[in-house]
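One letter stands for each residue in the lines below.
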Amino acid sequence: MNRHGKVLAIVTNYGVEQDELLVPARHLRENGVQVDIAAPDRGDIRTLVGDKDPGETVSPTLTLDEIDPTGYDLLLIPGGTVNADTLRLQRPAVDTVLAFTTSGRPVAAICHGPWLLAEAGVAYGKRLTSYPSLRTDLANAGATWADEPLVTDDAGDWRLVTSRNPGDLEQFLRGIDAALHARAEAVSPR
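Just so you know, these numbers come straight off a predicted model, no measurement behind them. (Residues numbered from 1 in each chain as written. Predicted model: local features only at pLDDT ≥ 70, side-chain atom pairs only at ≥ 80, totals over all residues. Heavy atoms only, no water.)

Caption draft 1: Representation of the packing of helix H1 (residues 18-30) against helix H6 (residues 169-187) within the structure. Look at H1 against H6: their axes get within 11 Å of each other, and the N-to-C directions meet at 45 degrees. It follows from the interaxial angle that H1 and H6 lie oblique. The two elements H1 and H6 cross, and the hand of that crossing is right-handed. The residues of H6 that touch H1, namely those facing Asp19, Glu20, Val23, Pro24, His27 and Leu28, are Leu169, Phe172, Leu173, Ile176, Asp177 and Leu180. Residue classes in the contact of H1 with H6 are distributed as eight nonpolar, one polar and three charged. (Axes fitted to C-alpha atoms, helices over the stretch in contact; angles between N-to-C directions. Helix = DSSP H or I, 4+ residues; strand = E, 2+ residues; numbered from the N terminus. Parallel < 35°, antiparallel > 145°, perpendicular 65-115°, else oblique. Left-handed = near helix turned anticlockwise from the far one by under 90°. Contact = heavy atoms within 4.5 Å. Nonpolar A, V, L, I, M, F, W, Y, C, P; charged D, E, K, R; others polar.)

Structural data, given as structure tokens:
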């Protein structure tokens, strides 16, 4: 994997699925990628395990209002039902998704994270996966839903990497690594 790059994770201050945020963040940091985590406010991010049990507490790097999306190579949208449902009501989160997709940069979303793609209107024409309860919402948003551990789609000139749940994290990480590698190849001088 390319050992450089910058990833932005966007979450709310309560309810993000612990492993869907922390496993990718740690994996990327161990591989030399800078990871920033943005939340609505600077208070602690209280993660959950299985949408109910308290998980680790994390400090955000910046707030959603402070995001300048231009400096990042990939957008990470973790799940967690409460996190995803709340995040899609945050205008800065929707605007961040639009900034990445309109500029052709990759987005990686897992579990309930793709709800934000539907909210931003960018799921249309994409093949993707998610937590099964989002299937109808995503189909109504114009996406083609697949029950697979990893779905990567390059339609619309931007790469979307999606997985269903924490059990798919190994495949999800491979998809993120491949998206970052492809991005590095595309922007490196020849």
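Caption draft 2: View of the sheet that holds strand E3 (residues 34-39). In space, the seven strands of this open sheet follow the order E6-E3-E1-E7-E8-E12-E11, with mixed pairing throughout. Whereas interior strands pair on both sides, the edge strands pair on one side only; in this sheet they are strand E6 (62-63) and strand E11 (151-153). When E11 meets strand E12 (residues 160-163), the two strands line up antiparallel, connected through three bridges. Directly across from Asp153, in E12, lies its bridge partner Leu160. Sheet strands touched by H1: strand E1 (6-10), E3, strand E7 (74-77) and strand E8 (107-110). Its angle to E3, the strand with the most contacts, is close to 155 degrees. (Pairing = 2+ DSSP bridges.)

Caption draft 3: Quick peek at the pattern of salt bridges. Summed over the entire model, instances satisfying the criterion amount to 12 salt bridges. The network of salt bridges with common partners includes Asp147, Arg164 and Asp168. (Salt bridge = Lys/Arg side-chain N within 4 Å of Asp/Glu carboxyl O.)

Caption draft 4: Structural context of H1. Taking 1.5 Å of rise per residue, 13 residues should cover 18 Å, and H1 covers 18 Å from first to last C-alpha, within 8% of that figure. Every buried residue belonging to H1 is among Gln18, Glu20, Leu21, Leu22, Pro24, Ala25, His27 and Leu28, and all of these are buried. At the exit of H1 stands Gly32, carrying a positive phi of roughly 80 degrees. (Expected span 1.5 Å × (residues − 1). Buried < 20%, exposed > 50% of the residue type's maximum accessible area, 1.4 Å probe, protein only.)

Caption draft 5: Focus on the environment of Ala155. With respect to the element layout, Ala155 can be found in the loop between E11 and E12. Each C-alpha atom, one on Ala155 and one on Val97, is 16 Å from the other, the two residues being 58 residues apart in sequence. The contact partners of Ala155, leaving out residues within four places of it in the chain, are Gly125 and Lys126.

Caption draft 6: Summary view of unusual backbone geometry. Phi is positive for Asp51, close to 65 degrees, though the residue is something other than glycine. Counting through the fold element by element, Asp51 comes out in the loop between strand E4 (45-49) and strand E5 (53-58). On the basis of relative accessibility, which here comes to 32%, the residue Asp51 falls in the partly exposed class. At Cys111, a position not held by glycine, the phi torsion is positive, near 65 degrees. With respect to the element layout, Cys111 can be found in the loop between E8 and helix H4 (115-120).

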